[in-house]
Amino acid sequence: VNFWEIFYHPIITITSIYLPLHSWSRIDVSQLSPRTARFRRKEALQQPPTPPQTVFVAMHRSGITGDAKLKEKIKKARQDAGCMFFKIQIEKEAFIWKGSGEKKGTSEENFKRIYDALEDKVACYMFFRDPEPTNENKWVFSQFMPALAKVNSKMLYASSKSAVKEIFGTSELTEDYFITEISEMTYQAFMKTRQKIDQEQLLTFEEQAKKEAVRGEILAASDGVALTVADVPITVSKEASAAISAVQDRATNRAILMLETKTQELLVDSNSTPKNAAIDDIQKACCGRDKKEPRYVLHRYSHQVPKGFPKEGESREALLFIYYCPDDANPREKMMYSTCKSMVLRILDKVEVNVTNKYEASTPGELTDRVVLDELYPKKSEKTVFAKPKVPKKGKRRLISKKKFNANA
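Note that the coordinates shown come from a computational prediction; the quantities given were computed from them, not determined experimentally.

## Quick look at helix 5 (residues 151-168)
Between its first and last C-alpha, helix 5 extends 26 Å over 18 residues, near the 26 Å set by a 1.5 Å rise per residue. On its buried face, helix 5 sits against helix 3 (68-79), strand 1 (83-90), strand 2 (95-102), strand 3 (124-129), strand 4 (139-144) and strand 5 (173-179). G169 occupies a position one or two residues after helix 5 and carries a positive phi of about 105 degrees.

## With respect to the pattern of salt bridges
Within this structure, the stated rule accounts for 13 salt bridges. Between D374 and R370 there is a salt bridge whose closest N-O contact spans 3.8 Å. You can see D374 and its partner R370 sitting in helix 11 (residues 369-376), four residues apart, about one turn around the helix.

## With respect to the sheet that holds strand 5
Spatial ordering of the open sheet is given by 2-1-3-4-5, a layout of five strands whose pairing is mixed. Each having just a single partner strand, strand 2 and strand 5 make up the two edges of the open sheet. Put simply, the sheet's adjacent strands are angled 20 degrees from each other on average, direction ignored. Here strand 1 runs beside strand 3; their pairing, made up of four bridges, is antiparallel. Each bridged residue has a counterpart across the sheet, and for F85 the counterpart in strand 3 is F128.

## Examining the pairing of strand 2
Judged from the six bridges that link them, strand 1 and strand 2 form a sheet pairing that is antiparallel. Pairing of I90 across the sheet is with F95, part of strand 2. Between strand 1 and strand 2, which follow one another and run antiparallel, lie four residues, and K92 among them has a positive phi close to 55 degrees.

Reading guide: rules and limits
- Residues numbered from 1 in each chain as written.
- Predicted model: local features only at pLDDT ≥ 70, side-chain atom pairs only at ≥ 80, totals over all residues.
- Heavy atoms only, no water.
- Helix = DSSP H or I, 4+ residues; strand = E, 2+ residues; numbered from the N terminus.
- Expected span 1.5 Å × (residues − 1).
- Contact = heavy atoms within 4.5 Å.
- Salt bridge = Lys/Arg side-chain N within 4 Å of Asp/Glu carboxyl O.
- Pairing = 2+ DSSP bridges.
- Axes fitted to C-alpha atoms, helices over the stretch in contact; angles between N-to-C directions.

Given below as structure tokens:
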């Protein structure tokens, strides 16, 4: 008996079964000698396996087309101003016309007719006129795919959608409206999909604060160079325009303005202040009880030149623009007020309101006469010059003995 057949036969048998299981093995082990088979197996195990590859498969079209009669009916429906909708289904691998509805009454009533034309478990395509007055000659393509429909029906309708839209013509379609329940085919539900949702309203207070903190980190990392933010267009209400004109004409000395964040409209703060308000009155109006909202203040500040400045004691006026923003204000309002501040200043410049000083405040203590005067008349810091210490003179020369030290002496 041959020794090689006894010893290597089990190895060859196991290897011939094990190796073909791997995608990287294309070796016919039975044709190799036992020693070569063992070497190839060891070499193959040392190689890393081939990673799986992701294959993207595009959905193929079903190949269903419409006949001449269907195309003629669709053409007539498009040209008929009284046609509100028409319905198409797939039967026996063909597009079938399933009826239409007239345009009568209000938009709610027209959608009610479309609602009645749908069936609970039957998928279909629905073309209906766009209810927007500006899109009078436009249509909306709707695909009704109920959850209880058969799987092969869902696949068939999904792969035939582009074909039926090409028969109708995509130039007159404004959008696709995909629904899975009949209750979604109402005027209110359809118009709700067109409403623009402010993403900031979906954030919680913690998420808004985190977003504000990230923005602060970005500004801090920019080495003091502010990032450019595009101006937000705002509108000025009649009351705000009248309040600005009153300050300009000296009918009053203050105008406290607020910003409606949803509409970006500049309004007048309804809190009552004296006609000729002092800075303390403005502080009470902006920083009253539980007030955490930013404000823009236009104030004609009457004062006297403080001591230590030229023309000391002389009465003067300064037209101040104060941007008050408390630290605990809503992050979204902070962002909006900060972004729109340049637009408000541009509006004041356009109506020839010459603001002499601009400054920001975040606490009630910053809306006082002392702080305002410090802003108007900043004190010059005196540089303290220190005299350089004198270089010490050299002392008397010491006489060093030339005698050598002897430890045994």
